[in-house]
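Working through the structure, step by step
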Amino acid sequence: MKLLVLCIALLGISVLLLGIRVFFVKGGKFPNTHIHGNKAMQDKGISCVTSEYKKNK
């Protein structure tokens, strides 16, 4: 039982730390990690596979 409580507490702390920007910054949001939102990937000409698939269909 102690292990379960410890795991739940660690999971809660992890979620809180990952969401600091979302929870505590006004207008905060999670960063866009999709390829179409990444400037460096766009500069290299790398695009989303699902978008390419839809274009070629």
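Residues numbered from 1 in each chain as written. Predicted model: local features only at pLDDT ≥ 70, side-chain atom pairs only at ≥ 80, totals over all residues. Heavy atoms only, no water.

Notes on the overall build of the protein chain
Within the protein chain, the regular secondary structure consists of four helices and zero strands. Counting helices and strands in the order they occur from the N terminus, the protein chain gives α-α-α-α. Sorting the 57 residues of the protein chain into buried and exposed places 4% on the buried side. Carbon and sulfur atoms form 68% of the exposed surface of the protein chain, whose accessible area is close to 5,500 Å². (Helix = DSSP H or I, 4+ residues; strand = E, 2+ residues; numbered from the N terminus. Buried < 20%, exposed > 50% of the residue type's maximum accessible area, 1.4 Å probe, protein only. Areas by Shrake-Rupley, 256 points an atom, 1.4 Å probe, with all protein chains shown as cover.)

Section: a nonpolar patch on the surface
A cluster of nonpolar side chains, contributed by Leu3, Leu6, Leu10, Leu11, Ile13, Val15, Leu16, Leu17, Ile20, Phe23 and Phe24, occupies part of the molecular surface with about 1,100 Å² of accessible area. Among the secondary structure elements, those contributing two or more residues to the nonpolar patch are α1 (2–18) and α2 (20–24). Here the nonpolar patch takes eight residues from α1, the largest share from any one element. Tracing the backbone shows phenylalanine 24 in helix α2. (Patch = residues over 30% accessible without salt bridge, like charges linked within 9 Å, V, L, I, M, F, W, Y side chains within 5 Å. Salt bridge = Lys/Arg side-chain N within 4 Å of Asp/Glu carboxyl O.)

A word on the confidence of the model for the protein chain
For the protein chain, the average pLDDT comes to 82, and 88% of its residues sit at 70 or higher. Across the protein chain, the secondary-structure element scoring lowest on mean pLDDT is helix α4 (residues 49–56), at 66, and the one scoring highest is α1, at 94. (pLDDT = per-residue confidence, 0-100.)

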